[in-house]
Structure formats: C-alpha cells, structure tokens
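# Breakdown of the fold
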Amino acid sequence: MSRVDYLVGGIRISVGEQSNTPGPRTHITAFVSALRAQGIDTDLFLASSAPLMGRFTTVSQSDYGDSSAARVWVADLVRIAVAVWTGLNLFARSLRRPAPDLIYERIAVLADLTSFHARKRRAFRVVEANGILHRETSADRKILKMVRLAAWLEARVMRKADLIVAVSEALRQEIVSFAGIDPAKILVVPNGVAANLAERASLRDPERLVLGFVGSLSAWQRLDRLLHAVARQRAALVAAAGTRQLAIEIVGDGAQATALRALSAELGLTDLVEFVGRLPHDEAMDRTATWTVGIAGHERSSSERMYHSPLKLYEYAALGVDLICTRSADAMALEASGVRCFYFDDDAQVEAALLSAVEAPPRSATEVAGVRAQVYADHSWQTRVNSVLEAATTGPELVVLLSLNPPDGTTRFVNQIAAEMPPGIRLRYFSWPTALFGRYDAFHLHWPEYRIRGGRLGGPAKRLLYAALLLRLKLTRTPLVRSLHNVSPHEGGSGAERALLQATDRATSVAVRLNVVTTAPAEIPASTPLRTVLHGHYRDVFSAHPQAVTTPGRLLYFGIIRPYKGVAELLATFAAMPEPELSLAIVGAPRDAGLRAAIEAACSADPRVSADLRFVPDDVLVHAVTSSELVVLPYREMHNSGVALVALSLGRPILVPRTEANTALALEVGADWVICFDGELQPEVIRAALAVVRAPGRSGAPLMDGRDWSAVGSQYAVIYREAVQATKGS
C-alpha cells in the first residue's frame, strides 16, 4: 500500500484550527497523520476545499435548527448541487494524479464522492460510517427533507464499498439492518488517541477539582441533566471535594448554549459553573489537561441504541482524566486500559456518579502517567489505521456459503458468526439456486439433516437437490467444512436420508467440533482434519438488556420445546414437589401440539407453573433467565447446547444430565454452575441442585474464557483458508 486518497464529502467539515466541526476535524487529521506516518502518500480531498465551497465551513450546526420546511428543501437542493460540483472537481483532480491503491471516503448526506473519482476501478474502496446519516439529519437535526433519496444514496454508497469502517459494533448491526450489508464486510474501528495528546503535559492543579465537558452543546449530550444533578447535590459535592476548590467547566458551543447558560443561572450555579465557549482544539485540550474528571453524556438519538464512538472519551483518557459517562463499548475498553470510569444510565444515577467521582482518591502522577501510556498503547490512531490497512490487504477474499438462513438480528448461531467474521471472508447464505449454481469457495455445513428433510419442496425433492449439491462440490473441488453440532440427528430419518448423511461424512474436508469430547462420525475418513472451535458465549449480546432480581425457588426451562428435551418429564417431576415456595416457568415455542397441550394443562392444574409458549424477544428472555434461580434442561440427549451457554452467559446455573460433553463443560466453567445428574430427573435431584446453588462461597461468574465470538470467527476463517488450500492444492 503506497497511495491513499482520503475523501470527505461533508461540506461543513474543515480541518483548520478554527473548524466549526472539531470532532470530524480531529478524527480526519489524526487518521491522515497516522497514514502518512506509515510512509503512505495520502491525498486529502475535502468537499469544502473545492472552489466556492469555503463559505459552508462557517455554518454551525445550530444555524438551521429552527428552519422552515421551505428553507430545508432549499438546503437539500444545495447539497445535491454541491455534491455534483465537488464531485466534478474531484474527477479533474484525480485525473492529474497517480492512481491510488485505496480510496477512503468519509460518508456524507446526499453525497457519493468516490463515484466521481477517475481511478476508482483500480482502487480498493473503503467507506467510513459514523452513523446512519440520513436518519440523524432528518430525525435529530431536522434539516433534511429528501429522506428517501438520502437513504437510497447512503445505502448505495455502502453496498458499492469493498469494506465499510463502522465506529462501533452497534453501528455495524445498524448498517446490516439498514442496507442489508454482509457483516463480514464491516470492520469496527472506534475513535482513537492521537500521539500529541498522549505526550501533552498534565496541567492539573492539586488545589482544584475540576469536572469538565468539551464538545458540541447539543440536546443529546444532556448537559441540562448534569446541571440539575449538580444543583441537587451541591452541598455533598463541595464537602466531598474537601480542601480542593470544586469547579465545573463547559467548553464548546452549540444549539443548547443559551438555554444551558440560563438554566445555570436559574439553578444558582454561576459561581460554580463556567461556560468557556468554543476554543481552538489545542487550547481546548490544554484546558482539558487541567481537569480531574471529564463528562460525556452521550445517549442514543433516533436509533434504538447508542451507536456512536465518542471521541471525547479518548481525548479525556489520553490526558489522564477520569470519566463520568454512560456505559458504552468505548468506555469499557478504556476502563480495561486502566481509566477510572463512573457510569450512569439514568437521571438518578448521574448524581451517584458525580459523588463517586469527586470522592475518589486522587491518583498519583506516576499512576496517571501509567494509565495514559496504556491508553495510547491500546487505542492509538496508528493501531486503528493498521487494522484498516490489514483488512484492505488481507489476501484474496474467500466466499463461504453457509448452510444457514441469513442473520435476522436475533441470537442464533448464524448471527454471531456473521457479526464476528474477520475481513477477507465474505459469507453467503443458503438458497438452493446459490448452492447449486452460485459462486463460492467453500461450503460450511451445519445440521445437514435440515437440508434433506421435507418442507415446501417435499422430502424426495430435497434429497434429490442435496445429492446434486454433493455432486457439485465434488466436481468443482469445493471443500465442505462440517460443524458437528450433534453426534447424530435428534430425530431419526429414512434410509435415503441416512445414506445421504453418510455420503456427507465421506465428502467432509474439515470437521469442526464444538467441544473437546466430540468424536467424528465413523464415515468421516481418519485423514480428515478434526478441529475444535468452542461455541461462543452470549455475554455481549445480552449486555444491553437489564437483568431481573432473582426469585428464590424459581425454576426455568427455556428454548425450543421438542420431545427429546424432556419438558414433559420436568412437568411430571415438578408436580411431585409440593413445596409452595417453588415455581416453574416454561419459555419457548413447542414443535409438537401434544406438548403444547400438556404444558397448558400443567399451568391450569398448578398455579406455580407458568408458560410463555413463543419465540420471545431478547429482553423478555433476559428477564426470564435472570429472574430464575436455576435453569433445568433435562434433555434425553445432550451434546452441545446453545441454551446452556445462554443461561451461563447470564450468570444462571444449569441442571443438566451427566454426559461427557456436560462434564467437560462443568470442568471448564465450574461444577457449581453446571450441575450434572444421573439417571432420570427426580424431585431430590432438583432439591440437591438448589442446595448447591444456595451454598456459600460460589464463584461470582462462570469461567467462559476463549468463548468470545470474535475468537470463534477468527478460528473459522483460518479453517476456511486451510480447507480451500488443501482441496485446491491436492
């Protein structure tokens, strides 16, 4: 990689010291500087640098906040005209310059600069997304009327890119939902730390304790909530500061500036709170270096969740400043690097976070220097840039067809694999036309029996198609990677099905087991590699949902309800337990009408039994699991269980039959988390399990190291490349 063209389509964005867009300015200049530090010839093209465009850089975000509809329509037309004008300027400029290896575009509303680039067909195309811009501009800022056009163009820009850089995992999921992008095509690259901040001297005065905020004074920062909290806790905060002078500094300007100043006066805080106004970036960072605690009140805007990567968190951390902030992936990553964070999730918690931050003992200069060094080591812009360059230069892309339906935003196996597949692997999802005639380099097969059995096509038709698929794989020498979820199908099949499954085993290029005890089926040749990739946990998936208070004595079964999972036996066992303090909840969709009727009859007969017989959303599932004291999974056959891992991820112990796989899981996470029983489920088995759960000295959480989905995705990527190389090279 020797040349990069970095394109910025936002017409308000400039990179001068007096920029009206300090956040984008910092991001862009830091990223470009890191590229140039790698010896890469980087050409920065700003839409605002085109002839006649400089005037737009003087427009502040608040200038159009209360605009009439007509004025916003005019602004949309101006945006389109400007996009064409700046695009033509880029075309002329790129004609005169050498072709870049990579074109990096910071996406903007109603703009598509790369399409105007004269050398675009020869370059790897990267698009950076900092949000779903058409939604933010229309719903939050209310300065966009051509919403459909903007949404279409934004999705088009994303779909044409070879790689999308998203600033957070939450944004990656938003992009998948919005534009239908393959998650494997999206690389999460949060904001970072600039070297000049990491090297800047700390200017903290030990006689003062300063809480500070720097940034745009917009509604979504909720500084009004901060001021109210300070007013309510003023006496306690001053007392907690002790001999140090307590002060609050707010640096920045924006739509809420006037209202916030008025509120400060109304609350009697003018002697405590100073509104500094907007400062050049270097001066703002000098001011920040004097603070003890930095405040970031980021919340979600028009989206269902907060998907931004707050740059100020990294600036605060780089200067050795503690954080008061909402809980986000960025904040938790900085906390892992040693930054002291005080979190809040609602109005009541703001006051507690303020008091905790003020009461916290001061850190020594040596401690602060150590944290700053670690923050830079973990989160430097150089590290961020390297991840993009690595993704853009990772060998030829492999296309892998999964035997699964596309991700649907739930917690299914395919959703987790797709979200964590590293760059260089592009996943496709199953349809018979794709499987038989589509282009892919490897086929990853899960639960083969489901591709053989009936459905709309009928059993015989599916078996014929499946046989044709095996023939296609053999003729094209396409490797078959097989995940061994079960030792054998849970329900028996026909002789024709068994023959096809045996043929599948013989055609397997690499077998993947999900635990260390699985043995390969006998039909798989002994020379076939057997790899182990542990099933991932669900801690991150469910972290956004609040947990319930545990109800003593509550037992829970959850998951799809099928005959082999022993729900009927669980109901019978529970009926034989007269203890009034016990209760049983059944959550999940029955696959059998008789099972549904039996569960409903049990609910009618015993008020301690309740049921929610459907596929429940994540928040309902988290509440059901975390309100239980023990999850009971009395399967007649149990090898790998995603349900068991969901329960453990949410910190709930499970009662399961003793199998080799469950014994291995108990050894891994702790025997007081995976409680195994022998024989049939009996009342005394449940009573003994509850005694284990209630015994003092249990560990705080099950040990699930090595089960991060990012590790799972990376291991599968290695296996795909291994399988392709071995098959094509043999």
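Our subject is the structure listed above.
Predicted model, so just to flag it, every value in this text is computed and none were measured.

## Observations concerning the overall build of the chain
For the chain, the count of helices and strands is 28 helices and 24 strands. Along the first, second and third principal axes, the C-alpha atoms of the chain reach 75 × 65 × 55 Å. Expressed as a percentage of the 730 residues in the chain, the buried residues total 54%. Counted over contacts in the chain with a minimum sequence separation of 6, partners at least 24 positions apart contribute 74%. By element, 55% of the accessible surface of the chain is carried by carbon and sulfur atoms, the whole surface being about 30,800 Å². In the chain, 79 positive and 74 negative side-chain charges are present, and the distance between their average locations comes to 8 Å.

## Brief notes about helix α22 (residues 567–575)
Listed in full, the buried residues belonging to α22 are Val-567, Leu-570, Leu-571, Thr-573 and Phe-574. The arc that holds every buried residue of α22, seen down its axis, measures 165°, which confines them to one face. In α22, those exposed residues whose orientation departs by more than 90 degrees from the buried face are Ala-572 and Ala-575. In this fold, the buried residues of α22 make contact with β19 (554–558), β20 (583–587), α23 (593–605), β21 (609–612), β22 (630–632) and α27 (683–694).

## Here's the deal with the sheet that holds strand β16 (residues 480–484)
Judged by pairing direction, the sheet is parallel, and its six strands sit side by side in the order β14-β13-β15-β16-β17-β18 without closing on themselves. Among the strands making up the open sheet, the edge pair consists of β14 (425–428) and β18 (530–532). Taking the axes of each pair of neighbouring strands and ignoring which way they run, one obtains an average angle of 25° across the sheet. Bridge analysis of strand β17 (residues 510–513) against β18 gives three bridges, and the strand direction is parallel. For Ala-511, the partnering residue across the bridge sits in β18 and is Leu-530.

## Points about the sheet that holds strand β24 (residues 674–677)
What the six strands build is an open sheet, ordered β21-β20-β19-β22-β23-β24; its pairing is parallel. Sheet topology places β21 and β24 at the edges, where each strand pairs with a single neighbour. In this sheet, neighbouring strand axes are inclined to one another by 25° on average, regardless of whether the strands run parallel or antiparallel. As judged from the four bridges shared by β20 and β21, these two strands associate in the parallel manner. For Ala-585, the partnering residue across the bridge sits in β21 and is Ser-610. Seen against the sheet, α22 touches β19, β20, β21 and β22 and runs at an angle of roughly 165° to β20.

## Things to note about the pattern of salt bridges
Using the criterion set out here, one finds 33 salt bridges in the structure. In this structure, the salt-bridge partner of Asp-112 is Lys-160, at a minimum N-O distance of 3.1 Å. One end of the pair, Asp-112, is in the loop between β3 (102–106) and β4 (124–129); the other, Lys-160, is in helix α4 (residues 147–160), with 48 residues separating them in the sequence. The class of Asp-112 is buried, set by a relative accessible area of 8%. Put simply, Asp-224 and Arg-222 hold a salt bridge, and the shortest N to O gap is 3.2 Å.

Parameters and conventions
Along each chain, residues carry numbers from 1 onward, in the same order as the chain's sequence is written. Local features in a predicted model are, by the rule used here, given only for residues with pLDDT of at least 70; side-chain atom pairs are given and counted only at 80 or more, and totals for whole chains, interfaces and linings are based on all residues. Remark: hydrogens and water are excluded; side-chain values derive from all non-hydrogen atoms of the structure. Per the convention used, a helix needs a DSSP run of H or I reaching at least four residues, while a strand needs a run of E reaching at least two, with both numbered from the N terminus. Buried means the residue's accessible area, taken with a 1.4 Å probe over protein chains only, is under 20% of the maximum for its type, while exposed means over 50%, and partly exposed covers the values in between. In this description, contact between two residues means that some pair of their heavy atoms is separated by no more than 4.5 Å. All accessibility values rest on the Shrake-Rupley procedure with a 1.4 Å probe; residue burial counts only the protein chains present in the view. Within this scheme the basic residues Lys and Arg register as positive and the acidic residues Asp and Glu register as negative, but His and the chain ends are omitted. For the purpose of locating charges, the reference atoms are NZ of Lys, CZ of Arg, CG of Asp and CD of Glu. Think of it as the arc spanned by the lines of direction from the helix axis to the C-beta atoms. When DSSP finds two or more bridges between a pair of strands, those strands are recorded as paired. Between N-to-C directions, angles cover 0 to 180 degrees, with each direction set by a line fitted to C-alpha atoms, over the stretch in contact for helices. We define a salt bridge as a contact between a side-chain nitrogen of Lys or Arg and a carboxyl oxygen of Asp or Glu at a distance within 4 Å.

Honestly, that's just the spatial picture; any functional story needs more than this.
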